[in-house]
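Observations on chain architecture
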Amino acid sequence: MSLSLMSAKWYPILFDSPMNAARSVAIWLTVALVAAFLVCVFVLKGERRKKFLKISLIFAIAYACVIGIMFLTFTFVEDGIKTILFVPLLLLVLAIAGSAIVLVFKRNKALYIILGCIVGAALIAVFVCMGVYYGSGEAEESNWVKITLSENVALYLCAAGLIGVIVFFALFFGRKDKKGFDSKSITYAAICIAMSFALSYLRIVKLPQGGSITAASLLPLMIYSYMFGTKKGVFAGMIYGILQAVQDPFIVHPAQFLLDYPIAFAAIGVAGMFAKVKKLERFPQIQIALGGIVASILRFIAHVLSGVFAFSEYSTLDNVWVYSMGYNSFVFIDIAIVIVAAILVFSSRAFVRQVRKFNTPVLTKTSAPQTEVLEEAAPAADPQTESKPSPAEINETDDDKK
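Reading the values: the criteria
Residues numbered from 1 in each chain as written. Predicted model: local features only at pLDDT ≥ 70, side-chain atom pairs only at ≥ 80, totals over all residues. Heavy atoms only, no water. Helix = DSSP H or I, 4+ residues; strand = E, 2+ residues; numbered from the N terminus. Buried < 20%, exposed > 50% of the residue type's maximum accessible area, 1.4 Å probe, protein only. Contact = heavy atoms within 4.5 Å. Phe/Tyr/Trp six-rings, centres within 6.5 Å; stacked < 30°, edge-to-face > 60°. Pairing = 2+ DSSP bridges. Salt bridge = Lys/Arg side-chain N within 4 Å of Asp/Glu carboxyl O. Core = buried A, V, L, I, M, F, W, Y, C linked by side-chain atoms within 4.5 Å. Axes fitted to C-alpha atoms, helices over the stretch in contact; angles between N-to-C directions. Parallel < 35°, antiparallel > 145°, perpendicular 65-115°, else oblique. Nonpolar A, V, L, I, M, F, W, Y, C, P; charged D, E, K, R; others polar. pLDDT = per-residue confidence, 0-100.

On to the overall build of the chain. Assigned secondary structure in the chain consists of 17 helices and three strands. For the chain, buried positions account for 48% of its 402 residues. Considering only contacts in the chain between residues 6 or more positions apart, those separated by 24 or more positions represent 75%.

Summed over the entire model, instances satisfying the criterion amount to 19 aromatic pairs. Note on Phe168 and Phe169: the rings are 6.1 Å apart at their centroids and 70 degrees apart in plane angle, and the pair reads as edge-to-face. Relative accessible area serves as the criterion here: at 51%, Phe168 is assigned to the exposed category. Residues Tyr240 and Phe265 carry aromatic rings whose centres are separated by 5.2 Å and whose planes lie at 80 degrees to one another, so their mutual orientation is edge-to-face. Placement of the pair is Tyr240 in helix α10 (residues 230–247) and Phe265 in helix α11 (residues 254–266), with a sequence separation of 25 residues. An identical accessibility class is assigned to Tyr240 and Phe265; each is buried.

A word on the pairing of strand β2 (residues 203–206). Direction of pairing for β2 relative to strand β3 (residues 212–214): antiparallel, over a ladder of three bridges. Each residue of the ladder has a partner; that of Lys206, found in β3, is Ser212. In sequence, β2 turns back onto β3 through a hairpin of five residues, with Gly210 there showing a positive phi of about 95 degrees.

Taken as a whole, this structure holds two salt bridges when the rule is applied. A salt bridge links Asp177 to Lys276, with the shortest nitrogen-to-oxygen separation between them at 2.6 Å. Here Asp177, found in the loop between α7 (149–173) and α8 (183–199), pairs with Lys276, found in the loop between α11 and α12 (284–310); they are 99 residues apart in sequence, far enough to count as distant. The buried category is assigned to Asp177, whose relative accessible area is 5%. Looking at Lys276, the relative accessible area reads 24%, which means it is partly exposed. With a closest N to O distance of 3.2 Å, Arg299 and Asp334 form a salt bridge. Placement of the pair is Arg299 in helix α12 and Asp334 in helix α14 (residues 330–345), with a sequence separation of 35 residues. For Asp334, a relative accessible area of 2% corresponds to the buried category.

This part takes up the environment of Pro220. By the secondary structure assignment, Pro220 is in helix α9 (residues 219–228). Taking the relative accessible area as the measure of exposure, Pro220 reaches 9% and is therefore buried. Distance from Pro220 to Ile191, taken between C-alpha atoms, is 8.6 Å for residues 29 residues apart in sequence. With near-sequence residues (within four places) excluded, Pro220 lies in contact with Cys192, Met195, Ser196 and Leu199.

A word on unusual backbone geometry. With a phi close to 60 degrees, Ala216 is a non-glycine residue in the positive phi region. Tracing the backbone through its elements, the reader meets Ala216 in the loop between β3 and α9. For Ala216, a relative accessible area of 9% gives the class buried.

Time to look at the nonpolar core. Counting residues in hydrophobic clusters, the biggest one holds 121 residues, and the most contacted among them are Phe71, Leu89, Leu92, Leu202, Leu259 and Val270. When residues no more than four places from it in sequence are discounted, the contact partners of Leu92 are Val119, Ala122, Leu123, Val126 and Leu243.

One can describe the packing of α11 onto α12 by two numbers: an axis separation of 9 Å at closest approach and a directional angle of 175 degrees. Our classification of the angle between α11 and α12 gives roughly antiparallel. Taken together, the residues of α12 that come into contact with α11 (itself represented by Gln256, Leu259, Asp260, Ile263, Ala264 and Phe265) are Arg299, Ala302, His303, Leu305, Ser306 and Ala310. For the contact of α11 with α12, the class distribution of residues is seven nonpolar, three polar and two charged.

Time to look at the confidence of the model for the chain. A low pLDDT means the predicted coordinates there should not be read in detail. Residues with a pLDDT of 70 or more make up 83% of the chain, whose mean pLDDT is 78. Note that pLDDT drops below 50 for residues 390–397; the model gives that stretch three contacts with residues more than four away or on any other chain.

Structure follows, in structure tokens:
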């Protein structure tokens, strides 16, 4: 791992090209903006804080989208990303940016449906173009390595096994979530995916055979999982993983693609698994931190299995398992940055109140009214236990008077 880090590119101090220079400036600018935001949140009180948070939300969405568009353009010009991938991605970011800013000012059901359809159409266009490009075999040829039959079988088995584990976590911890996607959850998913995608361009360090440490790029996805539950979180993470395959493709095998991209980042969707644990309700920072740790462990396992069975030829050690675990330990550095940022964000009571509006278990909404109805109906159910006459008796008395 130490050799990998020595040969890696450290982007905060890298100015060898226009793209890397812009990336370095963007990293330090982002750090400064986050620091200024935290200072203002703790200094401002009451209505001033609410107004500041609303303005900050608009700015954060716009800033993330500008970063995404800028680096997509740089990637197209310098790194040679294919036009078939660049155009739909650019349209997707623009659609999400416009939708997010509109929703800050006005929200209603019709608007959610319209914007959800626009963003959904852009996502479908991205997936179709990706399928055409990777189906051509060009990506595999440019990153080709030799994979034996046993490694081929192992890759598929590992992918299937991890899918099963993540689905179990998502269903078990999301059993009280609202069923199905609505326009609101789809729109927010698109916003969080876009913000994570934009932040992923702010790399601190990139390793030679794939993998990078970023400026808390996974935080929006973790917040989304906390807001809407693990089932929707896993789905959002899977889509983000597919977009990562476009941004930084290192694909040699279909199952390796699943492990390193959709599965690895779908695991981030379980970060909200402790959001409904009542014993931790007073400590949202612990809830999001524990969820992030579990999510990072699942992501780490996915990358390690991919490294062992798809990239064993890159190993500089006799034991490929040790090499893969050492190489992919960057995952824990990446998640440590995210958890620190998450703890700071979830220390704001105003922020926690907002995200928990989406996080109320289904039973909570229905059980309270039912209890009240039963309590109100109980006295009338057994007139013998109450001295007060029942509604039926009152009606009969009124009829007699008439």
